[in-house]
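Structural description and commentary
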Amino acid sequence: MKSITLISLLLLASLGLNAQKRPSDKLFEKMALKPGISLLSFSKSMLDAVNMNFDDDNDDAQETHNVTGDLHEIKVMIYTAPEEETPIDFRKEILRYLPTGTFKVIEPDEHDIHYNEGSCDIRVHKNGRKINECHILFKGETNGMLLSFFGDFRAEDVKGLAEKAEDYK
């Protein structure tokens, strides 16, 4: 009887751990194994240590973008096509793990995000009115970058971060 109870508790614990996974966790697990992929992850404690206000110089006017939501983590995935291997279709691979049935497609123009060197895709996963995952995919001719934000925030909050990423490319 004790062994049945122990097995039941272990099964429930493993189901609980799997239920707590984020919808995009599989994306990072699978893409991390591909050649040319670099991953950076910034935890909440690291983000809290950094001032999350970004100044942006637009002509003569200075604009400040604030992240007003509760940001828990940022992940950055950078793809640089390896010279010795056939490049992957980075955009296609990423979007495969962010299906439209689970993630809502946000048009970059809706939030005034512009990307001049290729395509920009935005997918969000909502929990009620708040966004708990936002993925911004920038794809050039061969290389690409994915910015992923995790927490409880609004879509407007990521505009400043997306623009800043564009400035540093």
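As the structure is a computational prediction, the values presented were derived from the model and not from experiment. Position numbers for residues count from 1 along each chain, tracking the sequence in the order it is written. The model is predicted, so local features are restricted to residues of pLDDT at least 70 and side-chain atom pairs to those at 80 or more, both for listing and for counting; the totals for chains, interfaces and linings are taken over all residues. Side-chain metrics rest on all non-hydrogen atoms present in the structure, leaving aside hydrogens and water.

**Focus: the pattern of salt bridges**
This is how the line gets drawn: Only one rule defines a salt bridge in this text: a Lys or Arg side-chain nitrogen within 4 Å of an Asp or Glu carboxyl oxygen. Buried residues are those whose accessible area, probed at 1.4 Å on protein chains only, stays under 20% of the maximum for their type, while exposed residues exceed 50% and partly exposed ones sit between those limits.
Evaluated as defined, the whole model comprises six salt bridges. With its nearest N and O atoms 3.0 Å apart, the salt bridge here joins Lys21 to Glu29. You can call Glu29 partly exposed: its relative accessible area is 41%. Of the charged contacts in the structure, one is a salt bridge between Glu73 and Arg22, with a shortest N-O distance of 2.7 Å.

**Some details on the packing of aromatic side chains**
Put simply, the rule is: Centre distance within 6.5 Å is the pairing criterion for rings of Phe, Tyr and Trp, where only the six-membered ring of Trp is used; planes under 30 degrees apart are then read as stacked, over 60 as edge-to-face, and the remainder as tilted. What counts as a helix is a DSSP run of H or I of at least four residues, what counts as a strand is a run of E of at least two, and both are numbered from the N terminus. For a ring to carry a charge above it, either NZ of a lysine or CZ of an arginine must fall within 6 Å of the ring centroid while also lying within 35 degrees of the normal to the ring plane.
For the structure on display, the rule yields two aromatic pairs. Their ring planes at 65° and their centres at 6.3 Å tell us that Phe28 and Phe150 sit as a pair that is edge-to-face. Separated by 122 residues along the polypeptide, Phe28 in helix H2 (residues 25-31) and Phe150 in strand S8 (residues 144-153) bring together distant segments of the chain. Each member of the pair, Phe28 together with Phe150, is buried. Between the NZ or CZ atom of Arg22 and the centre of the ring of Phe150, over which it lies, the distance is 3.8 Å. Sitting over the ring of Phe28, Lys75 keeps its end group 4.5 Å from the ring centre.

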